[in-house]
Each structure stands twice: as C-alpha cells, then as structure tokens.
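Chain by chain, the residues:
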Amino acid sequence: MLLGGLECGGTKMVCAVGDEKGRILKKETFPSLTPEETMPKIIDFFRENSVIAIGIASFGPVDPDMKSPTYGYITSTTKVHWKNYNLLGTIRNALSIPCGFDTDVNGAVLGEVTYGCMKGLSNALYITVGTGIGIGVYSNGALLHGMLHPEGGHVTVRRHPDDTFEGNCIYHGDCLEGLASGSALDARFGKKAEFIKSDDPVWTFESYYLAQAIVNYILILSPEKIVMGGGVMNRTELLPMIRKDVVKLLNGYIHSPKIENIDEYITASALNGNQAVMGCMKLAYDAACSS
Ligand code: ZN
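Residues numbered from 1 in each chain as written. Predicted model: local features only at pLDDT ≥ 70, side-chain atom pairs only at ≥ 80, totals over all residues. Heavy atoms only, no water.

Caption draft 1: Structural context of the packing of helix H6 (residues 202-221) against helix H7 (residues 238-250). It is the contact of H6 with H7, at a shortest axis distance of 8 Å, that shows an interaxial angle of 55°. The orientation of H6 relative to H7 falls into the category oblique. Our pair here, H6 against H7, has a crossing hand that is right-handed. Between H6 and H7, the residues in contact are Trp 203, Thr 204, Glu 206, Ser 207, Tyr 208, Leu 210, Ala 211, Gln 212, Ile 214, Val 215, Ile 218 and Leu 219 and Leu 238, Met 241, Ile 242, Asp 245, Val 246, Leu 249 and Leu 250, respectively. In terms of residue class, the contact of H6 with H7 is made up of 14 nonpolar, three polar and two charged. (Axes fitted to C-alpha atoms, helices over the stretch in contact; angles between N-to-C directions. Helix = DSSP H or I, 4+ residues; strand = E, 2+ residues; numbered from the N terminus. Parallel < 35°, antiparallel > 145°, perpendicular 65-115°, else oblique. Left-handed = near helix turned anticlockwise from the far one by under 90°. Contact = heavy atoms within 4.5 Å. Nonpolar A, V, L, I, M, F, W, Y, C, P; charged D, E, K, R; others polar.)

Here you go:
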C-alpha cells in the first residue's frame with residue numbers, strides 16, 4: 001500500500017511516499033511559506049502519487065487531541081502565517097483519505113521505535129536540538145500526549161556560572177531552548193552555530209544545559225533509550241560531552257546497566273534524517289488500518 005508522510009517544519013515541508021515497512025520511495029521538499037502558497041503544492045504531491053493514507057508530523061504547538069474541535073491545528077506558534085491553522089483539516093478535506101496527526105518530535109520517536117535504533121522498545125525518548133528544542137515521548141507502548149503534548153524544550157535548567165547570555169526564549173528567556181537551541185547559539189554569536197569553533201567554551205555550556213534536561217527526562221520518564229537529532233547535534237563533538245555530563249550529574253543515583261553503557265543509551269539517529277517522515281508512514285498505516 002502506498003502511504004504518504006508529511007513532516008511539517010518551520011522552514012521546510014518534507015513530503016514522502018512510502019510503505020508500511022518504512023521504505024521511502026519518493027521524497028520532495030517545499031519551503032514553508034504561507035499556507036496559501038505551500039499547501040496546494042503539498043496536496044498536489046500526494047494527489048499525484050495516489051497515496052491511500054497520510055501521516056502528518058508537524059512543528060508546534062499543535063492540538064493532538066482527537067476529541068477537540070481544533071484537533072490537527074497548529075496553535076500558538078510564533079510563525080504568524082501558521083498560527084491557528086487547520087493543517088489536518090485542510091489536507092483531509094482536499095484528499096478525503098485517512099490521516100494520522102502528531103507533533104514532529106513524536107513522529108521522530110515513532111519512526112525510531114518502529115524502524116530505527118529503538119525498534120521494539122516500549123519507553124523511548126527522542127530529543128531534537130535544532131532551531132528550537134523538542135522531545136518526542138513514547139511511553140508504555142504509545143505516544144505521550146496528556147493535556148497537550150510534552151514541551152520538554154522549555155524546561156528550566158540551572159545556569160552555568162560563567163554564562164552571561166540572557167537567553168532568547170520569548171516566553172521564558174533562559175529556559176533550555178532559550179539557552180541551548182540553534183537560534184540561541186546564533187543569538188549568542190551573531191553567526192550560525194556551524195561556524196563556532198570546536199574548542200569554543202560555548203560547547204561546555206551547551207552540553208551542561210542539555211545534560212541537565214536529559215537527567216530530568218531520565219528521572220521522570222525512565223526511557224529505555226534516548227536518540228538525539230536536529231541540526232545542532234550534527235556537531236559530533238557534542239554527544240560525547242553530553243553523555244559525560246549526564247553521568248556526572250546523575251552522580252551514581254541510577255543503578256542500571258544502561259547508564260553504565262551510556263554510549264549505547266544516548267545515541268544519534270541512524271535513520272539519516274528520515275526518522276520523522278518514517279514515523280509519518282507508521283501514523284498513515286495506523287490511520288488506514290483504523291478507518
Ligand atoms: Zn521557553
């Protein structure tokens with residue numbers, strides 16, 4: 001069966017055609033302009049490829065509550081054109097096929113537990129560190145939503161004593177995202193994170209903040225494995241620093257072979273950036289099966 005996957009990002013929309021085995025047969029990307037400009041291209045793509053169901057994983061905040069009148073909307077985003085936008089409804093009305101819907105990071109964790117390096121686990125965590133920071137949580141064999149959906153990028157972290165950057169989250173200033181996201185790194189330096197040298201002290205701060213958040217996620221969610229992705233994590237020097245800081249901050253409190261084997265416990269994705277769109281295939285498959 002041909003399934004559609006749509007990963008909606010703040011800068012680009014990734015459209016894919018694939019199957020329930022997570023194979024991606026075709027992929028096209030459109031810039032995220034206004035809905036009026038971008039949505040017709042997305043709809044045409046899926047229409048031309050005759051998919052029988054679509055899974056959508058979107059940047060947020062979104063409304064993932066199937067009982068809510070605004071289910072499938074992008075809600076209070078800072079991307080003004082997409083604020084309170086009926087993303088799911090627009091696609092469903094245009095194509096009249098079953099659609100699954102969730103956050104981009106829940107899409108990524110679903111991709112990992114279905115097809116990737118967390119396959120078969122019941123409790124898994126995906127963290128993206130990109131323009132923003134987000135977490136996707138798979139708990140007791142299901143994606144975690146709750147009141148809304150996890151917003152682990154905005155947790156409070158203890159400031160590094162040598163860090164004078166005030167933070168750039170428009171809601172909280174120096175929350176995790178305000179201190180450690182790609183946009184926070186850009187704001188600290190006035191240039192893109194990829195141009196920051198490997199030995200710059202900022203990576204010490206970056207690791208310190210991300211490790212604190214990960215320790216909190218471990219203590220609260222008890223994930224069996226953690227995968228990290230997003231543009232900032234392309235800095236390969238960062239992951240070993242984070243692992244070291246996590247062990248240091250846990251300070252022997254958690255007794256588990258997983259923590260002893262931290263290199264296997266906190267890893268990078270091995271799905272080549274396709275984790276969210278592969279999660280969309282699973283969302284589409286589930287939507288097709290339940291329709
Ligand atoms: Zn914040």
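Caption draft 2: Inspection of the environment of Ala 284 at higher detail. Following the sequence through the fold, Ala 284 ends up in helix H10 (residues 275-290). Assessed through its relative accessible area of 0%, Ala 284 is described here as buried. Sequence-wise, Ala 284 and Thr 156 are 128 residues apart; in three dimensions their C-alpha atoms are separated by 35 Å. Setting aside chain neighbours within four positions, we find Ala 284 in contact with Leu 3, Gly 4, Ala 53, Ile 54 and Gly 55. (Buried < 20%, exposed > 50% of the residue type's maximum accessible area, 1.4 Å probe, protein only.)

Caption draft 3: Structural view of the side chain of Gln 275. Looking at the secondary structure, you find Gln 275 in helix H10. For Gln 275, a relative accessible area of 7% gives the class buried. Each residue touching Gln 275, except ones within four places of it in the same chain, is listed here: Gly 107, Ala 108, Gly 111, Glu 112, Tyr 126 and Ser 269.

Caption draft 4: The arrangement of the pairing of strand E7 (residues 99-103) in detail. Burial analysis of E7 places five of its five residues in the buried class, the great majority of the element. As paired elements, strand E4 (residues 53-58) and E7 share five bridges and run parallel to each other. Its bridge partner being in E7, Ile 54 is matched across the sheet by Cys 99. (Pairing = 2+ DSSP bridges.)

Caption draft 5: Just the packing of helix H3 (residues 104-115) against H10, in detail. Between H3 and H10, the least distance of the axes is 6 Å, while the angle of their chain directions is 80°. On the basis of their axis angle, the class for H3 and H10 is roughly perpendicular. Taken together, the residues of H10 that come into contact with H3 (itself represented by Asp 104, Gly 107, Ala 108, Leu 110, Gly 111, Glu 112, Thr 114 and Tyr 115) are Gln 275, Ala 276, Met 278, Gly 279, Met 281, Lys 282 and Leu 283.

Caption draft 6: The sheet that holds strand E11 (residues 225-229), seen in detail. Read across the open sheet, the five strands follow the order E10-E9-E8-E11-E12; overall the sheet is mixed. Edge strands, defined here as strands with exactly one partner in the open sheet, are strand E10 (142-143) and strand E12 (266-268). The pairing of strand E8 (residues 124-129) with E11 spans five bridges and is classified as parallel. Looking at the pairing, Thr 128 lines up with Gly 229 of E11. H7 rests against E11 and E12 of the sheet, and its axis sits at about 170° to E12.

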